[in-house]
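Spelled out from the first residue to the last, the chains are:
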Amino acid sequence: YLWNTTETTQDISVSNSGMYTIAVTDTNGCVGYDTTLVSIIDPTISQIDTNICIGDSLVLSVPNDFCSTNNRSQFPGVNRIAGANVQIGNKGYYGTGYFQGPTGPIFYNDFWEYDNLNDSWRQLPSYPGGVTHDPVIFNINGKVYLGLGGAVIGTFDFWSYDPQLNSWSQMTSFPGASRYNTAHFSIGNKAYVICGWIGTETDEVWEYDAGTNAWAQLANFPGGVQRDPYGAAFNGLGYVFGGMTIN
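Residues numbered from 1 in each chain as written. Predicted model: local features only at pLDDT ≥ 70, side-chain atom pairs only at ≥ 80, totals over all residues. Heavy atoms only, no water.

### Things to note about the nonpolar core
Among the nonpolar cores identified, the biggest contains 14 residues, and Phe138, Tyr145, Phe158, Val193, Tyr208 and Trp215 are the most heavily contacted of them. Listing elements by their share of this core, those giving two or more residues are strand S10 (136-140), strand S15 (190-197) and strand S16 (201-209). Not counting residues up to four positions away in its chain, the partners in contact with Val193 are Val136, Phe138, Leu148, Arg179, Thr182, Ala183, Glu204, Val205, Trp206 and Trp215. Within the second largest apolar cluster, 13 residues are counted, among which are Ala84, Val86, Ile137 and Trp168. (Core = buried A, V, L, I, M, F, W, Y, C linked by side-chain atoms within 4.5 Å. Buried < 20%, exposed > 50% of the residue type's maximum accessible area, 1.4 Å probe, protein only. Helix = DSSP H or I, 4+ residues; strand = E, 2+ residues; numbered from the N terminus. Contact = heavy atoms within 4.5 Å.)

See below:
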């Protein structure tokens, strides 16, 4: 046996990709040749690494039991849409919304906490502002602020839930027209309610100051009237996009 690596054993071990050729001579002096291409996957490449060199390949796989081992505890409340949710640390808070029943919508004001570390749900005291859907919700200094929404005409309530005390406190009611389908987000000690539906689309912008428990109307949204736009905050700035109008 004679390999192109100069080894003379029947079997060899290789650690590099490449073309390997062997010449085999029998007892009669006859010589046979064979060649094989060896491709070795670099074990240093991580499956979370999305940057690889041109020509390289990476095999990604999902175990057969992925769904059964990664499913989280299902929501124990009534199935619904148009609820409100917010995250505080490792816990999520969810409630309100409605279910479209056979005779019309059924509205809710129940409120729930999901513990991501323990994968468990816990029902909390219901939202005292009554049943509602598509309300505004914020995380300000580790407390949940929830209010407005649809379901009841003239819903101006605004409440704060303290996870440490497991209790609600009523905040200053919203001074503008009742609304839902708004863009909303919080930055620091303040929350913002932008656009939405008040019987028609609106471009109003409102600010809530948790330090003074007061509302103030700001300059109108320059993007025009919108219903159901999306709002988010990042690095001290608020972003509003999407939405729709009757036209």
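Still more to cover.
### Focus: the sheet that holds strand S3 (residues 31-38)
Taking strand neighbours across the sheet as the criterion, the 3 strands line up as S1-S2-S3 in an open arrangement whose pairing is antiparallel. Every other strand in the sheet has two partners, leaving strand S1 (2-3) and S3 as the edge strands with one partner each. With 8 bridges connecting them, strand S2 (residues 18-25) and S3 associate as antiparallel partners. Residue pairing for S3: Ile22 is matched across the bridge by Asp34. (Pairing = 2+ DSSP bridges.)

### Let's talk about the packing of aromatic side chains
Tallied over the full model, the rule gives 21 aromatic pairs. Plain terms: the ring middles of Tyr161 and Trp168 are 5.3 Å apart, the flat faces sit at 55° to each other, and that makes the pair tilted. Taken individually, Tyr161 and Trp168 each receive the classification buried, so the pair is uniform in this respect. Among the aromatic side chains, those forming a connected cluster through ring pairs are Phe138, Tyr145, Phe158, Phe174, Trp206, Tyr208 and Trp215. Stacked on the ring of Trp197, the Lys or Arg Arg227 has its end atom at 4.4 Å from the ring centre. (Phe/Tyr/Trp six-rings, centres within 6.5 Å; stacked < 30°, edge-to-face > 60°. Lys NZ or Arg CZ within 6 Å of the ring centre and 35° of its normal.)

### What to know about a nonpolar patch on the surface
On the surface, a nonpolar cluster with roughly 570 Å² of combined accessible area is contributed by Tyr230, Phe234, Leu237, Tyr239 and Phe241. Listed by contribution, the elements that provide at least two residues to the nonpolar patch are strand S18 (230-234) and strand S19 (237-241). (Patch = residues over 30% accessible without salt bridge, like charges linked within 9 Å, V, L, I, M, F, W, Y side chains within 5 Å. Areas by Shrake-Rupley, 256 points an atom, 1.4 Å probe, with all protein chains shown as cover. Salt bridge = Lys/Arg side-chain N within 4 Å of Asp/Glu carboxyl O.)

### Some remarks on the side chain of Glu201
By the secondary structure assignment, Glu201 is in strand S16. For the buried Glu201, no salt bridge exists, and the shortest N-O distance to an oppositely charged side chain is 6.6 Å, to Arg227. Within the structure, Glu201 has its side chain in polar contact with the side chain of Thr200 (distance 3.4 Å). When near neighbours in sequence (up to four residues on either side) are disregarded, Glu201 contacts Gly196, Val225, Gln226, Arg227, Met244, Thr245 and Ile246. (Lys, Arg positive; Asp, Glu negative; His and termini not counted. Polar contact = N/O pair within 3.5 Å; in protein donor to acceptor, adjacent residues only side chain to side chain.)

### Observations regarding the sheet that holds strand S8 (residues 111-115)
Across the sheet, 4 strands lie side by side as S4-S5-S8-S9; this open sheet has antiparallel pairing. Each of the sheet's edge strands pairs with one partner strand only, and the pair in question is strand S4 (84-88) and strand S9 (120-124). Across the sheet, the axes of successive neighbouring strands diverge by a mean angle of 20°, strand direction being ignored. Pairing between S8 and S9: 5 bridges, direction antiparallel. (Axes fitted to C-alpha atoms, helices over the stretch in contact; angles between N-to-C directions.)

Spatial relationships are all this shows, so hold off on functional conclusions.
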